[in-house]
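Coordinate inspection notes
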Amino acid sequence: MNKIIFKSMVFILVLAGILSLCSNFFVLFAKEGQNAELLKRDAIQIQLMKEEKNSIDLLVLGDSESYSSISPLQLWRNAGITSFVGGQASQKMTEAMDLLNTALHTQRPKVVLLETNELFRSSSSADRIGEEMLQAAQNVFPIFRYHNVWKSHVMDTAQAPTNWKGYRLRSESQPVSSTASYMKADSSVKTVTQENKDLLKEMKNICEQNQCQLVLYSSPSPVNYNMGKHNGIAKAAEELNLEYIDLNLKTGKLGMDWQKDSYDSGDHLNIYGAEKVTKYMQEYLQKYGLEDHRTVSSSFQSWNDLRQYV
């Protein structure tokens, strides 16, 4: 019996060693690759890992509302703020947490902005445990996450950038059919699930341990937001003592034009809407002492290099 246990342990250790070694190569391949189609949801994580160490002062997390609303290159061009949008379509809180931890391996952001739409994307406790176990396994052995990237080295898959520091530029416009009930006064409360509140609290603790400020924000979106959601987020933010900015209540100040500022009839912002949100957030976040890095632009050449595409 002791021999069987010993052989099993040796086998597990050897297997772990092989997976660890292979993982190093696959991470390298992923960083060198250009094709987001192969990496799918993990493309944004690799892009984040490739950022220069300690170069990001503002980290944005969230679902597609995040990467449609904040433009890092506009923040750089107008204020020299270095930011990155770690957004994923239909992102869950467990994924936001994973991206936050990935960022904190190499970055020291002063502010973490979390777009709040994902607070209503719930998982059961069992699903959450499964998601966190899978992410833990992928973090220990990245080969499970990046197993597809070998294709980029045997196929012609190179592509020009289609997003910029996580932002996805869309210039098309589709008007919102009606905003009559959008953010209409309502005392109802759409409750944030306890699982997501627990994750939000954990995220806050991680940010505090790393001397960065967690701020919640809701991007303008007639399709996704209403007063019930606002009241639910505001209640959760108060319980956790978190700052919350609902831009759906500031559309007049922002100058939103729902005939022009959305590319899909009020679900997501296009570049014109994102410019307005980004300008507002640039001014709002100045209270956190975000630096102007344009005076040392030689250390942030990647920012200037990307301007040729926009």
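That block above? That's the structure.
Keep in mind it's a predicted model, so treat the numbers as computed, not measured.

So, on to the pattern of salt bridges. What the rule picks out here adds up to nine salt bridges. With its nearest N and O atoms 2.8 Å apart, the salt bridge here joins E51 to K165. In this pair, E51 is assigned in the loop between α3 (43-49) and β1 (58-62) and K165 in the loop between α7 (125-140) and α8 (194-209), connecting sequence segments 114 residues apart. Owing to a relative accessible area of 3%, K165 belongs among the buried residues under this scheme.

The next point concerns helix α9 (residues 227-239). Its 13 residues place the ends of α9 18 Å apart at the C-alpha level, agreeing with the 18 Å of an ideal helix rising 1.5 Å per residue. Looking only at α9, the buried set comprises M227, G228, K229, H230, N231, G232, I233, A236 and A237. Contact partners of the buried residues in α9: α8, β4 (213-218) and β5 (243-246). Between a side-chain oxygen at the N-terminus of α9 and the backbone nitrogen of G228 the separation is 3.1 Å; the capping residue is N226.

Quick look at unusual backbone geometry now. Excluding glycine, residues mostly carry a negative phi; peptide bonds, for their part, are mostly trans. Here the phi dihedral of S90 falls at roughly 55 degrees; this positive angle occurs in a residue that is not glycine. For S90, the location among the structural elements is in the loop between β2 (83-87) and α6 (93-106). A relative accessible area of 44% places S90 in the partly exposed class. The phi torsion at M183 lies on the positive side, around 55 degrees, for a residue other than glycine. With respect to the secondary-structure elements, M183 resides in the loop between α7 and α8.

Cut-offs and rules
- Here, residues in each chain are numbered from 1, in the same order as that chain's written sequence.
- Only residues with pLDDT of at least 70 are given local features in this predicted model, and only at 80 or more are side-chain atom pairs given and counted; all residues enter the totals for whole chains, interfaces and linings.
- The side-chain numbers reported here are obtained from all heavy atoms of the structure, hydrogens and water having been left aside.
- By salt bridge we mean one thing: a side-chain nitrogen of Lys or Arg within 4 Å of a carboxyl oxygen of Asp or Glu.
- Under the scheme used here, helices are H or I runs from DSSP no shorter than 4 residues and strands are E runs no shorter than 2 residues, and both carry numbers assigned from the N terminus.
- Buried, partly exposed and exposed residues are distinguished by accessible area as a fraction of the type maximum, computed with a 1.4 Å probe on protein chains only: under 20%, between the cut-offs, and over 50%, respectively.
- Take the residue count of a helix, subtract one, and multiply by 1.5 Å to get its expected span.
- Whether two residues are in contact is decided by their heavy atoms: any pair within 4.5 Å suffices.
- Polar contacts here mean pairs of N or O atoms no more than 3.5 Å apart (in protein, one a potential hydrogen donor and the other a potential acceptor; neighbouring residues in sequence count only if both atoms are side-chain atoms).

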